[in-house]
Amino acid sequence: MSRSLSRRETLRVLRNIGVATFAGGALLVPRKSTAQQATAVLGHFGSANPQTFGKATGAFAKAFGGNVKTDFVTVSAGPQVLAAIAGNSMDVCNVGSSPMVVGFGQGIKMSMVYVEKYITDSECLAVRKDVGIKIGLPFNTSVHFAMLAGMKSAGLTASDVNLINIKADSIQATWQRKDIDGAYIWYPILGDIVADNGKILLKTGDLAASGTLVFDGIVVRDEFKQKHPELVLAYLKEYDRLCTMYEKEPQEVVKVLSPYLAMTPEKTMDYINTFHSVSPKELASDKWMGLPGAKDTGVLRTLQAQADFLKAAEQMSAIPPTFAPYVDASFLAKMI
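As the structure is a prediction and not an experimental result, all values here were calculated from the model.

Draft legend 1. Examining the sheet that holds strand β11 (residues 198-203) more closely. The strand order across the open sheet built from five strands is β9-β8-β10-β7-β11, with neighbouring strands paired in mixed fashion. Because the sheet does not close on itself, it has two edges, and the strands there are β9 (162-165) and β11. Between one strand axis and the next, the sheet turns by 30° as a mean value, whatever way the strands run. Examined bridge by bridge, strand β7 (residues 123-128) and β11 share five bridges and lie antiparallel to one another. Paired with Arg 128 across the bridge in β11 is Gly 198. Across the sheet, helix α6 (residues 142-153) is in contact with β7, β8 (134-137), β9, β10 (182-186) and β11; its angle to β10 comes to roughly 130°.

Draft legend 2. Geometry of the pattern of salt bridges. Summed over the entire model, instances satisfying the criterion amount to 12 salt bridges. Linking Glu 223 and Arg 221 is a salt bridge whose minimum nitrogen-to-oxygen distance equals 3.1 Å. Classification of Glu 223 as partly exposed rests on a relative accessible area of 35%. The class of Arg 221 is buried, set by a relative accessible area of 6%. If you follow the salt bridges from partner to partner, you end up with Asp 91, Arg 221, Glu 223 and Lys 227 in one network.

Draft legend 3. Expanded view of unusual backbone geometry. Cis geometry is found at the peptide bond from Tyr 187 to Pro 188, where omega equals 5°. Take Pro 188: it is sitting in the loop between β10 and α8 (189-195). Phi at Asn 197 takes a positive value of approximately 65°, unusual for a residue other than glycine. Looking at the element boundaries, Asn 197 is found in the loop between α8 and β11. Since its relative accessible area comes to 37%, Asn 197 is described here as partly exposed.

Draft legend 4. Expanded view of the packing of aromatic side chains. Inspection of every chain in the model, using the stated rule, returns 10 aromatic pairs. Ring centres of Phe 104 and Phe 323 lie 6.3 Å apart, and the angle between their planes is 50°; on these two criteria the pair is classed as tilted. In this pair, Phe 104 sits in helix α5 (residues 97-105) while Phe 323 sits in the loop between α14 (298-312) and α15 (330-335), placing the two residues 219 residues apart along the sequence. Just as Phe 104 is buried, Phe 323 falls in that class too. Each residue in the set Phe 53, Tyr 246, Tyr 271 and Phe 275 is aromatic and connected to the rest through ring pairs, giving one cluster. Note that Arg 128 overlies the ring of Trp 175, its terminal NZ or CZ placed 4.0 Å from the centroid.

Rules behind the numbers
Residues numbered from 1 in each chain as written. Predicted model: local features only at pLDDT ≥ 70, side-chain atom pairs only at ≥ 80, totals over all residues. Heavy atoms only, no water. Pairing = 2+ DSSP bridges. Helix = DSSP H or I, 4+ residues; strand = E, 2+ residues; numbered from the N terminus. Axes fitted to C-alpha atoms, helices over the stretch in contact; angles between N-to-C directions. Contact = heavy atoms within 4.5 Å. Salt bridge = Lys/Arg side-chain N within 4 Å of Asp/Glu carboxyl O. Buried < 20%, exposed > 50% of the residue type's maximum accessible area, 1.4 Å probe, protein only. Phe/Tyr/Trp six-rings, centres within 6.5 Å; stacked < 30°, edge-to-face > 60°. Lys NZ or Arg CZ within 6 Å of the ring centre and 35° of its normal.

So yeah, pure geometry; function would need other evidence.
Written out as structure tokens, the structure reads:
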């Protein structure tokens, strides 16, 4: 299973995927191209997601065909994705909307081409049954954004709740020590907390009623998209097929991923049960991505809200006037 990396470990990961760091800033070393064969470098997080399933089964390599060399890079945090794409060391990856808008603000040449998943019950606020007001969560992430949106919706202010910045991999230990009364976090940590005298008070999906969509997106390096649009389309079509398997054949997914990730079948199924994809037809509506040229969509409104949130948290110095140029629905249009 994946875990958060220390700064030293993160730098080592980045070097392994082609990013060299030097004093005074980061120098990103591009991958050498192969004249005879196209190469697709696919990033994925080490959880039981369809990208990992596609790696385990060789599904993406089959979708690309024999003339494409398919490589995989496992990441554990959004900044790794941004650094690899900026360094031409990764072509496609899923990433949360918060690091995504940071990347757009930094001018990284990438585009969002799909919604990887809609976050509903996979990220929740869980509290002790004798609830208090100290809530632990990793700051400047999707759960931080959702927590503040939930507080605003409930009419609460910062003085009503004590939010504590805790790394995701430290949440469970902090909970066990009873240093916090609640945590806003994702699975599998969320499941362990609920099993340890916790109850779910708020699901991220509950925020949709007030117009707040929280999602992870699939981003593509712009140069790769321009050189190999057929591979981007093949990836997204295969991803949609794998998402259908998650919905209709979850036991088959569990059978593959539990031994592959050294997870119990129960924990793998917990992940699958809280994984919610959005069909291409739904994504084409203005509630989500819309079709090419759409200017007022749920995705664009969410990216703008995330940017405002991150700027207020001093994680972004400037916000683009619009995120429309960074959302490419042309592949989605071909899928439907």
